[in-house]
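Overview (structure and organization)
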Amino acid sequence: MFKKILIANRGEIACRVIRTARAMGIATVAVYSDADVRSPHVLLADESVRLGPAPAADSYLKAELILLAAKETGADAIHPGYGFLSERESFARACADAGIAFIGPPPEAIAAMGDKIESKKLARAAGVNVVPGFLGEIDDTDHAVRIAGEIGYPVMMKASAGGGGKGMRLAWSEQDVRDGFEATKREGLASFGDDRVFIEKFIESPRHIEIQLLGDQHGNIVYLGERECSIQRRHQKVVEEAPSPFVTPAMRRAMGEQAVALARAVGYFSAGTVELIVSGADTSGTGFYFLEMNTRLQVEHPVTEEITGLDLVEQMIRVAAGEPLAFTQDEVRLDGWAIETRVYAEDPYRGFLPSIGRLARYTPPAAGADATVRVRVDDGVVEGGEVSMFYDPMIAKLVTWAPTREAAVDAQIGAIDAFEIEGPGTNLDFLSALMQHPRFRAGTITTGFIAEEYPDGFTGAPAGPALRRTLAATAAFAATAHADRARRIDGQLGHRLSPPADWTVRIDGADHDVHVSVDGITVDGEPLDFAAEYTPGDRLVEVESDVGHGGEGVAIRIAPVPGGFRLATRGAVHKVRVLPAHVAPYARHLIEKVPPDLSRFLLAPMPGLLVRLDVDEGDRVEAGQALAVVEAMKMENILRAGKSGVVKTIGARTGDSLSVDQVILELE
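Read on for an overview of the structure. Please read these numbers as outputs of a predicted model, since none were measured by experiment. (Residues numbered from 1 in each chain as written. Predicted model: local features only at pLDDT ≥ 70, side-chain atom pairs only at ≥ 80, totals over all residues. Heavy atoms only, no water.)

By the element assignment, Trp 172 lies in the loop between strand S8 (166–171) and helix H8 (174–192). Linking Trp 172 and Gly 152, residues 20 residues apart in sequence, is a C-alpha distance of 9.2 Å. Those residues in contact with Trp 172, other than ones at most four positions away along the chain, are Tyr 153, Pro 154, Phe 202 and Glu 204. (Helix = DSSP H or I, 4+ residues; strand = E, 2+ residues; numbered from the N terminus. Contact = heavy atoms within 4.5 Å.)

Structure representation (structure tokens):
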């Protein structure tokens with residue numbers, strides 16, 4: 001067994017590998033960029049080595065620096081994690097040449113599966129179902145248009161070396177191909193150093209299902225069930241679960257056997273994943289097609305671990321050390337249901353724009369396990385740390401396990417409510433809304449779920465009558481506590497006054513009359529079964545109330561704001577106005593502040609780099625016209641005109657680093 005492992009990665013996955021290595025009695029080495037000098041993975045490892053400046057191209061993608069760090073620290077193996085160098089054939093070969101074990105598949109398998117065009121040819125030869133498409137070289141945009149027309153719309157354009165949702169564009173028409181082909185090439189070149197693109201038929205009503213493989217160096221390969229990864233946004237996975245609510249035992253067997261056949265054809269060992277696109281309309285069990293093979297550990301591997309009881313990182317280490325698998329296919333057991341949600345630094349209320357900044361507060365839900373529910377948080381951040389613009393915006397992975405899918409979903413809702421993050425915007429509300437959505441709970445999902453269910457963006461999960469009553473009671477209860485504290489301040493109100501008992505609480509535009517007394521709480525004249533503890537300054541209040549799914553109460557994040565509170569729970573933030581009942585009638589006389597008209601400005605919706613500006617001063621533009629392209633979190637974002645007009649002034653130039661809401665140009 002290895003004595004010391006260097007982890008050629010950062011953040012959550014680096015911490016994940018370090019913990020398993022430590023449990024196995026193996027020393028660890030972390031590497032870091034200048035942006036990560038105080039990151040948890042650096043502090044968690046036994047040793048650490050600086051690589052270089054913050055950009056990944058100058059640090060985590062520098063194979064020669066990582067190999068030098070391994071030699072200097074005496075590491076006899078390298079675990080690449082996911083992303084960065086994990087699927088670089090050249091890096092795996094360089095490790096072998098240096099006499100350092102690469103904890104992953106052989107270079108030949110990485111090469112065979114890393115090229116999406118060649119891998120599809122290999123899959124077809126191995127008897128694996130493949131999607132109709134064009135796998136040859138595409139000369140230019142006109143050639144791409146002709147190919148797409150021959151295949152038949154809709155089509156998907158993909159960077160050949162792409163992964164992680166990057167370098168992909170869906171085209172429903174010729175114009176979509178013309179608009180997106182060059183952008184796909186640029187993203188492929190920028191992220192993977194390869195601008196080749198292939199085009200294939202887009203399967204409508206598709207589900208994204210993947211098979212987890214594990215093989216050793218002695219010819220043994222098993223599949224560990226499937227993962228449902230259909231909940232995606234911009235081809236980036238948001239929710240994963242195992243098993244899939246769609247897959248039958250017969251489908252699982254057919255998918256698994258094809259995946260094993262493909263792996264065996266390329267001499268694969270270690271952990272790997274065969275991704276499949278599955279027709280949700282085909283109940284025959286045969287409508288699945290090879291998409292790609294990820295020759296590494298997947299981000300979503302925890303859900304497989306939770307239902308199989310295996311530690312995949314440990315298995316990868318043992319395989320790399322030459323050990324045979326300790327179990328056969330017949331011994332693989334799938335127990336219960338696991339769901340993972342990815343907590344991203346992004347603002348769902350502003351079109352999911354990336355959000356960066358310091359984590360002023362970071363308190364994940366308490367991890368724990370019992371016979372009915374397990375909660376697991378995989379992260380690589382700490383309170384006071386920073387979400388950087390240089391890397392992926394994922395903050396944490398929240399995983400729940402339960403005997404049934406419904407219970408695992410309910411556990412997610414409760415855990416999300418208890419997750420406290422302040423600083424950058426997060427998608428916690430959106431994740432909770434997904435867990436509560438009737439269609440998700442029914443399991444009738446496709447990769448188009450988010451686009452179909454939230455066509456106009458996300459504005460928060462709707463609150464039902466029971467939840468609104470609970471929120472009204474919570475706000476009045478908290479207001480009473482604040483008033484009671486105020487009256488106790490010496491010399492302020494004296495001791496003769498009592499806090500108000502009657503409040504008017506406005507939630508989502510509706511007023512509720514709330515009475516608070518030692519005997520209980522009534523909302524709109526009806527008694528409410530309500531129990532909670534709150535002291536001014538608390539950030540989270542646990543309310544015992546039969547609200548929503550699960551019937552086990554609700555956790556509400558609470559923050560005072562002028563005139564009331566901001567209450568966040570069950571997938572939405574509610575700005576609640578709370579006034580004493582005798583004061584509330586006068587609120588109608590208050591003048592509302594009208595926000596300024598910013599429609600004539602093109603503002604940077606996120607921090608990023610202005611990579612293209614398509615207009616000059618004096619140009620006439622039409623509503624919807626592309627004006628600029630901003631790159632953020634390694635993704636290109638096209639900014640379009642909100643209305644017609646003439647460009648009056650330009651406030652930024654190509655190559656500028658933009659801050660959020662910075663003026664790029666002004667129309668007149």
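Okay, the packing of helix H12 (residues 405–417) against helix H13 (residues 428–436) next. Relative to each other, H12 and H13 sit at 155°, their axes nearing to 9 Å. The angle between the axes of H12 and H13 places the two elements in the roughly antiparallel class. Here H12 and H13 pass one another in a crossing that is left-handed. From H12, Val 409, Gln 412, Ile 413, Ile 416 and Asp 417 reach across to H13, where they touch Leu 428, Leu 431, Ser 432, Met 435 and Gln 436. Looking at the contact of H12 with H13 residue by residue, the class counts come to six nonpolar, three polar and one charged. (Axes fitted to C-alpha atoms, helices over the stretch in contact; angles between N-to-C directions. Parallel < 35°, antiparallel > 145°, perpendicular 65-115°, else oblique. Left-handed = near helix turned anticlockwise from the far one by under 90°. Nonpolar A, V, L, I, M, F, W, Y, C, P; charged D, E, K, R; others polar.)

What follows concerns the sheet that holds strand S33 (residues 572–580). Read across the open sheet, the nine strands follow the order S28-S27-S26-S25-S33-S32-S31-S30-S29; overall the sheet is antiparallel. A strand with exactly one partner marks an edge of an open sheet, and here the two such strands are strand S28 (526–528) and strand S29 (531–532). Strand direction decides the pairing type here: strand S32 (residues 564–569) and S33, joined by six bridges, are antiparallel. Within the sheet, the bridge partner assigned to Leu 567 lies in S33 and is His 574. Along the sheet, helix H16 (residues 465–487) makes contact with strand S25 (502–507), strand S26 (510–517), strand S27 (520–523), S28, S29, strand S30 (540–544), strand S31 (554–561), S32 and S33, crossing S25 at roughly 130°. (Pairing = 2+ DSSP bridges.)

The next subject is helix H7 (residues 141–151). Of all the residues in H7, the buried ones are Thr 141, His 143, Ala 144, Val 145, Ile 147 and Ala 148. Its side-chain oxygen at 3.3 Å from the backbone nitrogen of Asp 142, Asp 140 defines the N-terminal cap of H7. (Buried < 20%, exposed > 50% of the residue type's maximum accessible area, 1.4 Å probe, protein only. Polar contact = N/O pair within 3.5 Å; in protein donor to acceptor, adjacent residues only side chain to side chain.)

Pairs may arise between side chains of opposite charge once their charged atoms sit close together. One pass over the full model with this rule turns up 49 salt bridges. Across the pair Asp 142 and Arg 178 runs a salt bridge, and its minimum N-O distance is 2.9 Å. Of this pair, Asp 142 sits in helix H7 while Arg 178 sits in helix H8, placing them 36 residues apart in sequence. Arg 178 sits in the partly exposed class, given a relative accessible area of 35%. We note a salt bridge from Arg 439 to Glu 453, for which the minimum N-O separation is 2.7 Å. With Arg 439 in helix H14 (residues 438–442) and Glu 453 in helix H15 (residues 449–453), this residue pair connects regions lying 14 residues apart in the sequence. (Salt bridge = Lys/Arg side-chain N within 4 Å of Asp/Glu carboxyl O.)

Moving on to the packing of aromatic side chains. Each aromatic ring pair is specified by the distance between its two centres and by the angle formed by the two planes. Within this structure, the stated rule accounts for 12 aromatic pairs. Geometrically, the ring pair formed by Phe 430 and Tyr 454 is edge-to-face, given 5.3 Å between the ring centres and 70° between the ring planes. Within this pair, whereas Phe 430 is found in helix H13, its partner Tyr 454 is found in the loop between H15 and H16, the two being separated by 24 residues in sequence. Judged by relative accessible area, Tyr 454 falls into the buried class, the value being 17%. Feature note: the residues Tyr 349, Phe 352, Phe 430, Tyr 454 and Phe 458 constitute an aromatic cluster, connected by ring pairs. Just above the ring of Trp 401 sits the side chain of Arg 374; from NZ or CZ to the centre is 4.0 Å. Just above the ring of Phe 440 sits the side chain of Arg 405; from NZ or CZ to the centre is 4.7 Å. (Phe/Tyr/Trp six-rings, centres within 6.5 Å; stacked < 30°, edge-to-face > 60°. Lys NZ or Arg CZ within 6 Å of the ring centre and 35° of its normal.)

This part is about the nonpolar core. By size, the foremost hydrophobic cluster in this structure holds 38 residues, and its most contacted members are Ile 231, Tyr 362, Ile 395, Leu 434 and Met 435. At the level of secondary structure, the elements contributing two or more residues to this core comprise strand S12 (236–242), strand S15 (337–344), strand S21 (374–379), strand S23 (394–402), H12, H13 and H15. Broken down by element, the residue count for this core peaks at six residues, all from H13. With sequence-adjacent residues up to four places away left out, Leu 434 is seen in contact with Ile 231, Val 238, Val 239, Phe 440, Phe 449, Ile 450 and Tyr 454. In terms of nonpolar packing, the next biggest core, distinct from the first, is built from 33 residues, Val 17, Ala 30, Val 222 and Phe 269 among them. (Core = buried A, V, L, I, M, F, W, Y, C linked by side-chain atoms within 4.5 Å.)

Shape descriptors only; they carry no functional weight alone.
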